[in-house]
Amino acid sequence: MAMIAHKCPQYRVTVVDTNPERITAWNSDTLPIYEPGLDEIVKKIRGRNLFFSTQIEQGIKEASIIFVSVNTPIKTFGTGVGMAADLQYWEKTARQIREASQSQKIIVEKSTLPVKTALAMERILTATANEVHFDILSNPEFMAEGTGIKDLETPDRVLIGSRETPEGIKARDELVEIYANWVPRERIITSNIWSSELSKLVSNAFLAQRISSINAISSLCEKTEADITEVARAVGMDSRLGDKFLNASVGFGGSCFKKDLLNLVYLCRQYGLKEVADYWDGVVRINDYQKERFILNMLGAMFNTLAGKRICLFGFAFKADTGDTRESPAIYVSRRIVEERAELVITDPRALANAEADLADIQGAVAFVEDPCEAAAGCDAIAVMTEWDIYATLDFKKIYETMRKPAYIFDGRNILAHEDLFKIGFNVFPVGKPPLTHF
Ligand code: UDX
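Visitor: Looking at this structure, how should I read the overall build of the protein chain?
Guide: When helices and strands are counted, the protein chain shows 18 helices and 13 strands. Against the globule reference of 22 Å for 439 residues, the protein chain gives a C-alpha radius of gyration of 24 Å, in line with a compact fold. With the C-alpha coordinates aligned to their principal axes, the bounding extent of the protein chain is approximately 75 × 50 × 45 Å. Of all 439 residues assigned to the protein chain, the portion counted as buried reaches 51%. Across the protein chain, the fraction of contacts at a sequence separation of at least 24, relative to all contacts at a separation of at least 6, is 71%. Approximately 21,000 Å² of the protein chain is accessible, and the part contributed by carbon and sulfur atoms is 53%. Between the mean site of the 51 positive side-chain charges and the mean site of the 60 negative ones, the protein chain shows a separation of 2 Å.

Listed below in structure tokens is the structure:
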């Protein structure tokens, strides 16, 4: 919404939320999320044509276009528990829109939703005698965290799905006009509403599948002395495949991939497509396997016991340049390390507050330290969880001196200079490459 307000001064954008603390934070000097470049934009246009408010009813009344961007987490109860999207917030919003609206509106699904959700939205909005006309559009968001501003400024594509009726097409064109203020026309694509909803799930499923594919092969590399970076380079140079999203890692995290995969799996099961559901479920299973494999490698390298050892996680965010820790592989790795009765130290330049909240139930067993060198001191092992640039530039010679011996590095992101570390004295265990050990 900040990007729309920034690029289209002729529109007035109001963001409403039920959470007063969040709105206060959006109106303050310290925004509630960290995203490179966002601060500058928000601070420049806030109060000009971008407003943050808790006045939801008023917001609905005044708007002619409403973007519904409420969260749609995985259900934690009842049918579809652990798989299907929990649409309660989304449905509440639909009812609220219906009740407060006094004039015709375009409703844009911005949240990622299962296919055919727009139909439910239409039904809720037209379920009473309220004469107001609504057009529902699907406009999924493809930006990634950490690169959000760049992704929004120069998107690969903007997708708008609509009903193929004259009203639907008119509403669609209105939204196309907004994006056309900065996105080249050929990058704004339109489709029917169900294709649009499905495309978002499928995009994320394909991206996650690539990571699970490379991670699956990383386990084979570790057995065969092949090197996953060399394999990825050779594979990625095939122009049909491309070289992006082929970094082997401790596993993918983030709020979207797992949720969208599980949604897709649930959807396929509902339609009786068991084989298809199992296929996509495999992507999630490989990701879980990769996280557990990381712990098993650690155990294997450290004489099958972590008990009493002190282990430091470099990074806790699910990726670099964000403080977000949702579904971060570091959460799983932390819990397993503590389960193995090791002491755990966590460092991260942006995500320590979230890490503390994620591990609230085992906080007694974990220390949170801002400075990575301080965090590593006295530890037996360092495990890199997040590919923060700063980790590659640390003075590992100094760090080595402060650590217990033998000292280990498990590079879950393959970002460190492994040969150099080995020469300093570390036993180095990358992902999908032969380990470098002094034993
Ligand atoms: C993703 C999609 O990329 C985006 O289009 C969608 O709108 C939202 O979901 P995001 O979750 O923010 O974005 O981050 P992304 O860059 O996709 O990374 C997801 C996870 O995969 C991270 O944990 C990242 O570290 C991991 N990853 C990514 C790898 O392990 N290897 C790779 O090669 C790429």
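So, next bit.
Visitor: Mind showing me how you'd approach the pairing of strand β9 (residues 343–347) here?
Guide: Within β9, four of the five residues are buried, which leaves the element mostly enclosed by the surrounding structure. By the bridge criterion, five bridges tie strand β8 (residues 310–314) to β9 in an arrangement that is parallel. Looking at β9, one finds that leucine 313 is bridged to isoleucine 346. As for the winding sense of the linkage, the β-α-β connection from β8 through helix α13 (residues 329–339) to β9 is right-handed. Relative to strand β10 (residues 366–368), β9 runs parallel, the two being bridged by three bridges. Paired with valine 345 across the strands is alanine 367, a residue of β10. For the handedness criterion, the β-α-β arrangement of β9, helix α14 (residues 352–358) and β10 is classed as right-handed.

Visitor: Looking at this structure, I do not really get the packing of helix α5 (residues 88–100) against helix α6 (residues 117–125). What am I missing?
Guide: The angle between the axes and the distance between the axes are what describe a pair of packed helices. For the pair α5 and α6, interaxial distance at closest approach is 9 Å and the crossing angle is 35 degrees. Along this stretch, α5 crosses α6, giving a crossing that reads as right-handed. Between α5, through Trp90, Glu91, Ala94, Arg95, Ile97 and Arg98, and α6, the contact on the second element is made entirely by Thr117, Ala120, Met121, Ile124 and Leu125. When the residues that make up the contact of α5 with α6 are grouped by side-chain class, the tally is seven nonpolar, one polar and three charged.

Visitor: Please explain empty space enclosed by the protein as it appears in this structure.
Guide: Which parts of space are left empty comes out when a probe the size of a water molecule is rolled across the atoms. Per the stated rule, a full pass over the model turns up two cavities of 30 Å³ or more. By volume, the largest cavity is sized at about 40 Å³. As for the largest cavity, its lining consists of Phe252, Gly253, Gly254, Lys258, Asn287, Asp288, Lys291 and Glu327. Per-element accounting of the lining of the largest cavity gives the leading share, three residues, to helix α12 (residues 274–301). Taken together, the residues that form the lining of the largest cavity break down as one nonpolar, three polar and four charged. The calculated volume of the second largest cavity comes to roughly 40 Å³. Along the walls of the second largest cavity sit Glu109, Ser111, Thr112, Leu113, Ser138, Pro140, Glu197 and Lys200, which together make up its complete lining. When the residues that make up the lining of the second largest cavity are grouped by side-chain class, the tally is two nonpolar, three polar and three charged.

Visitor: Just checking my understanding: could you explain the state of the cysteines for this structure?
Guide: Disulfides are covalent bonds that link the sulfur atoms of two cysteine residues. Under the definition given, this model contains zero disulfides. Its sulfur unpaired, cysteine 256 is 18 Å from the next cysteine sulfur, which belongs to cysteine 268. Residue cysteine 312 stays outside any disulfide, its sulfur separated by 4.9 Å from that of cysteine 379, the closest cysteine.

Visitor: For this particular structure, what's the right way to read the sheet that holds strand β12 (residues 408–411)?
Guide: In any sheet, the strands associate via hydrogen bonds between backbone groups, in a parallel or an antiparallel arrangement. The sheet built from six strands is open, its strands ordered β10-β9-β8-β11-β12-β13 with parallel pairing. Each edge of the open sheet is held by one strand with a lone partner, namely β10 and β13 (427–430). Strand-to-strand twist across the sheet, computed as the mean angle between neighbouring axes with direction ignored, equals 20 degrees. Lying on the sheet, α12 is in contact with β8, β11 (381–384), β12 and β13; it crosses β12 at an angle near 160 degrees.

Visitor: Would you mind going over the sheet that holds strand β7 (residues 188–192) with me for this structure?
Guide: An order of β3-β4-β5-β6-β7 is seen for the five strands of this open sheet, with the pairing classed as mixed. What marks the edges here is a single partner per strand, and that holds for β3 (65–68) and β7. The sheet shows a mean angle of 30 degrees between the axes of neighbouring strands, taken without regard to direction. Contacts between α5 and the sheet are confined to β3, β4 (105–109) and β5 (134–138), with β3 contributing the most and set at about 165 degrees to the helix.

Visitor: Which parts of the structure should I look at to understand a nonpolar patch on the surface?
Guide: A contiguous nonpolar patch, built from Tyr271, Leu273 and Val276 and spanning about 300 Å² of accessible area, is present on the exposed surface. Position of valine 276 relative to the elements: it lies in helix α12.

Visitor: Quick question: what am I supposed to make of the pattern of salt bridges here?
Guide: For side chains bearing opposite charge, pairing can occur when the charged atoms are close. On inspection of all chains with the given rule, the structure shows 28 salt bridges. Residues lysine 61 and glutamate 57 are paired through a salt bridge, measuring 3.4 Å at the closest nitrogen-oxygen approach. In this pair, lysine 61 and glutamate 57 both sit in helix α4 (residues 56–62), four residues apart, roughly one turn of the helix. Residue classification places lysine 61 among the partly exposed positions, given a relative accessible area of 33%. Notably, a salt bridge pairs glutamate 99 with arginine 98, separated by 3.3 Å at the nearest N-O pair. Glutamate 99 sits in the exposed class, given a relative accessible area of 60%. For arginine 98, a relative accessible area of 10% translates into the label buried. Here the salt bridges do not stand alone but share partners, grouping Glu292, Arg336, Glu339 and Glu340 into one network.

Reading guide: rules and limits
- Residues numbered from 1 in each chain as written.
- Predicted model: local features only at pLDDT ≥ 70, side-chain atom pairs only at ≥ 80, totals over all residues.
- Heavy atoms only, no water.
- Helix = DSSP H or I, 4+ residues; strand = E, 2+ residues; numbered from the N terminus.
- Rg over C-alpha atoms; globule rule 2.2 N^0.38 Å.
- Buried < 20%, exposed > 50% of the residue type's maximum accessible area, 1.4 Å probe, protein only.
- Contact = heavy atoms within 4.5 Å.
- Areas by Shrake-Rupley, 256 points an atom, 1.4 Å probe, with all protein chains shown as cover.
- Lys, Arg positive; Asp, Glu negative; His and termini not counted.
- Charge placed at Lys NZ, Arg CZ, Asp CG, Glu CD.
- Pairing = 2+ DSSP bridges.
- Right-handed = clockwise from strand over helix to strand, strands pointing away.
- Axes fitted to C-alpha atoms, helices over the stretch in contact; angles between N-to-C directions.
- Left-handed = near helix turned anticlockwise from the far one by under 90°.
- Nonpolar A, V, L, I, M, F, W, Y, C, P; charged D, E, K, R; others polar.
- 1 Å grid on protein atoms, 1.4 Å probe; cavity = no way out; pocket = protein on both sides within 12 Å on 5 of 7 lines; lining within 4 Å.
- Points joined across faces, edges and corners; volume = space filled by probe spheres on them.
- Disulfide = S-S within 2.5 Å.
- Patch = residues over 30% accessible without salt bridge, like charges linked within 9 Å, V, L, I, M, F, W, Y side chains within 5 Å.
- Salt bridge = Lys/Arg side-chain N within 4 Å of Asp/Glu carboxyl O.

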